[in-house]
Amino acid sequence: MLKISWLVSGLLLSSAVTAVPQPVLWHEGNKDIRGATQRYSYHEAFIEWQTPMGDWYDSAGSYLGDLPFSRLTVQQDSDNWLSWDLTAMLQQLPPQQELALLLRLQPDSAGYVLATSKERNYKLAPSLVLEYQNGSRKRISAAMDSYLDTSTHRSLGQRKTIKIAEQNHAIIGFTLPDATPHQLKSAKLELHRERQSGSPTIGVYLLQQPALDQPAYPSSLAGQSIFTEDFSQSNWEANWHDLASYSRTSRVQAPARSKEQYALKVSFSTQKNVALNISLYTKKLLGAEPDSLFFEYDLYLDKNWLQGDGGGKFPGFAGTYGRAGWGGRKADGTNGWSARGQFLSAIDSDDDLKGLTPLGSYLYLTGSAQSHGEVHPWRQRGSKLQRERWYKISQQLTLNTPGKADGELLVWIDEQLVLHRTDLNFRTIAELKIERLWFNFYHGGADKPQHDMDLYISNIRVARP
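This report concerns the structure included in the present document.

Calculation rules
Residues numbered from 1 in each chain as written. Predicted model: local features only at pLDDT ≥ 70, side-chain atom pairs only at ≥ 80, totals over all residues. Heavy atoms only, no water. Pairing = 2+ DSSP bridges. Helix = DSSP H or I, 4+ residues; strand = E, 2+ residues; numbered from the N terminus. Axes fitted to C-alpha atoms, helices over the stretch in contact; angles between N-to-C directions. Salt bridge = Lys/Arg side-chain N within 4 Å of Asp/Glu carboxyl O. Buried < 20%, exposed > 50% of the residue type's maximum accessible area, 1.4 Å probe, protein only. Phe/Tyr/Trp six-rings, centres within 6.5 Å; stacked < 30°, edge-to-face > 60°. Lys NZ or Arg CZ within 6 Å of the ring centre and 35° of its normal.

As for the sheet that holds strand E10 (residues 98-105)
Taken together, five strands build an open sheet; the order of strands is E8-E18-E10-E16-E14 and the sheet is antiparallel. Edge strands, defined here as strands with exactly one partner in the open sheet, are strand E8 (70-73) and strand E14 (144-149). For this sheet the average axis-to-axis angle between neighbouring strands, irrespective of direction, equals 20°. Bridge count between E10 and strand E18 (residues 201-206): five bridges; the pairing is antiparallel. Residue pairing for E18: Leu105 is matched across the bridge by Ile202.

A few points about the pattern of salt bridges
Summed over the entire model, instances satisfying the criterion amount to 19 salt bridges. Measuring nitrogen to oxygen at the nearest pair gives 2.6 Å for the salt bridge that ties Glu48 to Arg39. We classify Glu48 as buried; its relative accessible area is 13%. Among the salt bridges present, the one from Arg104 reaches Asp66, with a minimum N-O distance of 3.1 Å.

Regarding the packing of aromatic side chains
Counted by the stated rule, this structure contains 21 aromatic pairs. Pairing Phe295 with Phe439 gives two aromatic rings, centres 5.7 Å apart and planes at 65°, and the pair type is edge-to-face. Here Phe295, found in strand E24 (residues 292-301), pairs with Phe439, found in strand E33 (residues 436-443); they are 144 residues apart in sequence, far enough to count as distant. In this structure, Phe295 and Phe439 share a single accessibility class: buried. Each residue in the set Phe227, Trp240, Phe295, Tyr297, Phe317 and Phe439 is aromatic and connected to the rest through ring pairs, giving one cluster. The ring of Tyr262 has Arg251 lying over it, and the distance from NZ or CZ to the ring centre is 4.2 Å.

What follows is the structure, given as structure tokens:
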């Protein structure tokens, strides 16, 4: 069990410090927006749960712990308004605008409860009933309610009921009033029961996840570059390898930067999938192919960048050796692999993420069920990029020990960690190495861009950990 230390109203709830809770970015979903599912907390934004079927902390400060802040055994003959006492929880929490809860069956419990959602009847929606020391009382209806189901990949936030069962976790969000917690006399969570089976015991937990902030950005490593490229030289191509003739690039003054700074403009057209294909071969840089490598580059998405559906490849690592690891050439551990970046469809939502471009990794792994690569979105909010702004994208890869799934991939955006994987299997033989850095800007799949669009790259740095 992952333990954390968090200071709430002066109380240290746990002494084993390994992670800090942070809010989960989630959406209930609707007919236009893909919301919370068993895999995603916010599918439209490609934000995954850290653990499938939801992230939570218990009253002891344990991630995915089993000690709820409040529990209720729902008897068949109980009142249809089910109530959990959350007074102690809300009095301990620091002041906050949003409260997100996860409800789940307790271990060794059985049965299910169907409760009315706000989509059926707002008056019967999940509610917080708050009483204050001055005698005032407020009933706050849920701002969002939904449930997760192991049997579907669809979001269920528009259902008329929310289900709590062994394979179903309910998630509920409230917008809290401005009153401070110490003014609170009592707090109850109320759900209106429609149907049940058995006598399930249901616990209430905080919908939170561990902060992703370690390992820290390796600033000292980034300063020990074995290769740099800022496109200040007109013959920049001489430093690179295998520039594809069909690439659409031009060396220009970097937008939104001083006149002395340059960038490479990369242009996508509706006629081609590829905008740029070029490599840096590690053997030519280092004299031998390494098992571990770091690189970073600055990225600027122009105002005409992806406006809707689409997706494709961004720069990353590769050991394809002309055999496998791209274009549906399946990796088997002996023939090749790749770990390119990935961009996904622009977010179409009703919040401040609308229009942003999610990023991720596109991996050809040994033993994958996919004949093509696997998409692994970077789940943090900071990995959703806006247009007309520079970002620094840093990646570090260490290949796995042959025979073990212990490959490590780290990604930082503007020095903030957005991905850390330590379970990757790229190879079964030591002969496969990091053959090259692959600057591949590609739209698709097979679909070409729906409109012309541009991006800019600059300040490329490569270092050996």
